[in-house]
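# Structural overview for review
Chain by chain, the residues:
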Amino acid sequence: MRLLLHAHLPLLPPHRHPGGQILLCTDGAGRYQERGKPVIALKPGDVVKIAPDVEHWHGAAPDTAFTHIAIETNPKAGPAVWLEPVSEEDYRAEPEKTG
């Protein structure tokens, strides 16, 4: 397991983790999107479980800060694979409403 703390990060480009990832949202307002799916709003207390090799991005909501803990669940499977940047349209899309 590898643990990273991302404090007040604006946006990570799309990427995938061969061993999967878990996000623990701790402060601020965030966004998460898997390729081909709607953007989801994140808030403190949210947990996102990401299966191995799922292309996704995450970061702060527009014009705000966001802090989260990112856990690579099986780093021995290989490092993150970084992809093309998120479009401004995708980043600013209205997030899907969640419970």
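Note that the structure is predicted; figures quoted are calculated from it, not measured. (Residues numbered from 1 in each chain as written. Predicted model: local features only at pLDDT ≥ 70, side-chain atom pairs only at ≥ 80, totals over all residues. Heavy atoms only, no water.)

This part covers the overall build of the chain. Looking only at helices and strands, one finds one helix and nine strands in the chain. Ordering the α and β elements of the chain from the N terminus gives β-β-β-β-β-β-β-β-β-α. By the burial criterion, 39% of the 99 residues in the chain qualify as buried. In the chain, the proportion of contacts linking residues at least 24 apart, taken out of those at least 6 apart, comes to 79%. Accessible area of the chain: about 5,600 Å², with a carbon and sulfur share of 57%. (Helix = DSSP H or I, 4+ residues; strand = E, 2+ residues; numbered from the N terminus. Buried < 20%, exposed > 50% of the residue type's maximum accessible area, 1.4 Å probe, protein only. Contact = heavy atoms within 4.5 Å. Areas by Shrake-Rupley, 256 points an atom, 1.4 Å probe, with all protein chains shown as cover.)

The next point concerns the environment of K76. Inspection of the secondary structure assignment puts K76 in the loop between β8 (66–72) and β9 (81–82). Residue K76 is classed as exposed on the basis of its relative accessible area of 82%. Residues K76 and P18 lie 58 residues apart in sequence; the distance between their C-alpha atoms is 8.8 Å.

Before going further, it helps to examine the pattern of salt bridges. With the rule as written, the count across this model stands at seven salt bridges. Here R35 and E55 are joined by a salt bridge, their closest N and O atoms 2.3 Å apart. Linking R35 in the loop between β4 (30–34) and β5 (40–42) with E55 in the loop between β6 (47–50) and β7 (56–60), this pair joins segments that are 20 residues apart in sequence. For R35, a relative accessible area of 48% translates into the label partly exposed. (Salt bridge = Lys/Arg side-chain N within 4 Å of Asp/Glu carboxyl O.)

This paragraph deals with the pairing of β6. Only one face of β6 is buried, namely the one carrying V48 and I50, since none of V47 and K49 on the opposite face is buried. Two elements, strand β3 (residues 21–28) and β6, share four bridges in a ladder whose sense is antiparallel. In the sheet register, Q21 faces β6, and the bridge partner there is I50. (Pairing = 2+ DSSP bridges.)

Its identity is not glycine, yet D53 carries a phi of approximately 65°, on the positive side. Here D53 lies in the loop between β6 and β7. Positive phi is not limited to glycine here, since D63 has a value of about 65°. Looking at the element boundaries, D63 is found in the loop between β7 and β8.

You can see K49 is positioned in strand β6. When its relative accessible area of 70% is taken as the criterion, K49 is described as exposed. The sequence separation of K49 and G20 amounts to 29 residues, and the corresponding C-alpha distance is 7.9 Å. Among residues more than four places away in sequence, those in contact with K49 are Q21 and I22.

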